[in-house]
Amino acid sequence: MKRKQVIRLFKKMAKELGLENVKIRIVPMKSKVASISFKTRTLRLNRNAVKVLNEEQLKFVILHELIHIKVKDANHGSLFLKELRKRYSEEEIEQIELGIIEAFIKEKISNSKFHSQST
Ligand SMILES: [Zn+2]
């Protein structure tokens, strides 16, 4: 996807979740697909992810990170899972996450962690 499209997608998802004052930065990252900062309400998205993931996968990554901000939880607690499961079934989650890992392996980008947060 193009950078512009990713930013548009981000804005759309943020609006859907009722989130204001959230920002996105597309940056080079070594080993993560994305990360978030609760303090600055900023989602950092790996530049390579933009390159190798398709729209559905990017949407999932962005939504995943935005839900962390929405529920104010860095972990995957019950509130987090409730929000995610409003939009995806268990099977879909599994399938999309697998696809993301596969896309990264294909591109030989190290992907030891799906993502992480800083507070
Ligand atoms: Zn997460």
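See the structure shown above.
Rules used throughout
- Residues numbered from 1 in each chain as written.
- Predicted model: local features only at pLDDT ≥ 70, side-chain atom pairs only at ≥ 80, totals over all residues.
- Helix = DSSP H or I, 4+ residues; strand = E, 2+ residues; numbered from the N terminus.
- Rg over C-alpha atoms; globule rule 2.2 N^0.38 Å.
- Buried ≥ 20, exposed ≤ 12 C-beta atoms within 10 Å, placed from the backbone.
- Pairing = 2+ DSSP bridges.
- Axes fitted to C-alpha atoms, helices over the stretch in contact; angles between N-to-C directions.
- Parallel < 35°, antiparallel > 145°, perpendicular 65-115°, else oblique.
- Left-handed = near helix turned anticlockwise from the far one by under 90°.
- Contact = placed C-beta atoms within 7 Å.
- Core = buried A, V, L, I, M, F, W, Y, C linked by C-beta atoms within 7 Å.
- Nonpolar A, V, L, I, M, F, W, Y, C, P; charged D, E, K, R; others polar.

Tell me about the overall build of the chain, residues and numbers included.
Within the chain one finds 5 helices and 4 strands. Seen in sequence order, the chain has helices and strands lined up from the N terminus as α-β-β-β-α-α-α-α-β. Its C-alpha atoms give the chain a radius of gyration of 13 Å, near enough to 14 Å, the size a compact globule of 119 residues would have. Principal-axis analysis of the C-alpha atoms gives the chain an extent of 35 × 30 × 25 Å. Out of the 119 residues belonging to the chain, those deemed buried represent 26%.

Lay out the pairing of strand S2 (residues 34-37) with the relevant residues and their values.
With 4 bridges connecting them, S2 and strand S3 (residues 42-46) associate as antiparallel partners. Following the sheet pairing, alanine 34 is matched in S3 by leucine 45.

Go over the packing of helix H3 (residues 55-71) against helix H4 (residues 78-87), please, and point to the residues and values.
Contact pair H3 / H4: the axes reach a minimum separation of 9 Å and the direction vectors enclose 140°. One finds that H3 runs oblique with respect to H4. Handedness of the crossing formed by H3 with H4: right-handed. Every residue of H4 that contacts H3 at Leu63, His64, Ile67, His68, Lys70 and Val71 is listed here: Leu79, Phe80, Glu83, Leu84 and Arg87.

Help me get a handle on the nonpolar core, residues and values and all.
Counting 23 residues, the largest nonpolar core has Leu43, Ala49, Val61, Ile62 and Leu66 as the members making the most contacts within it. Among the elements that line this core, the one with the most residues is H3, at 8 residues. If we ignore the near neighbours within four places in the chain, the residues touching alanine 49 are Val33, Ala34, Leu58 and Val61.

Describe the packing of helix H1 (residues 3-16) against H3, and please don't skip the residues or the numbers.
What describes two packed helices is the angle between their axes and the distance between those same axes. Contact pair H1 / H3: the axes reach a minimum separation of 10 Å and the direction vectors enclose 45°. On the basis of their axis angle, the class for H1 and H3 is oblique. Considering how the two elements wind past one another, H1 and H3 form a crossing that is right-handed. Counting all contacts with H1, which are made through Val6, Leu9, Phe10, Met13 and Ala14, the residues of H3 involved are Leu58, Lys59, Ile62, Leu63 and Leu66. Its residues assigned to classes, the contact of H1 with H3 comprises 9 nonpolar, no polar and 1 charged.

Any details on the environment of glutamate 97? Residues and values, ideally.
Topologically, glutamate 97 is positioned in helix H5 (residues 90-106). Through-space distance from the C-alpha of glutamate 97 to that of phenylalanine 60 is 8.6 Å; in sequence the pair is 37 residues apart.

Explain unusual backbone geometry to me, and be specific about the residues and the numbers.
Residues other than glycine predominantly adopt negative phi, and peptide bonds predominantly adopt the trans conformation. Of note, the phi angle at asparagine 21 is positive, near 60°, even though the residue is not glycine. With 9 C-beta atoms packed within 10 Å, asparagine 21 lands in the exposed category. Phi at arginine 41 is positive, roughly 50°, even though this residue is not glycine. Looking at the element boundaries, arginine 41 is found in the loop between S2 and S3.

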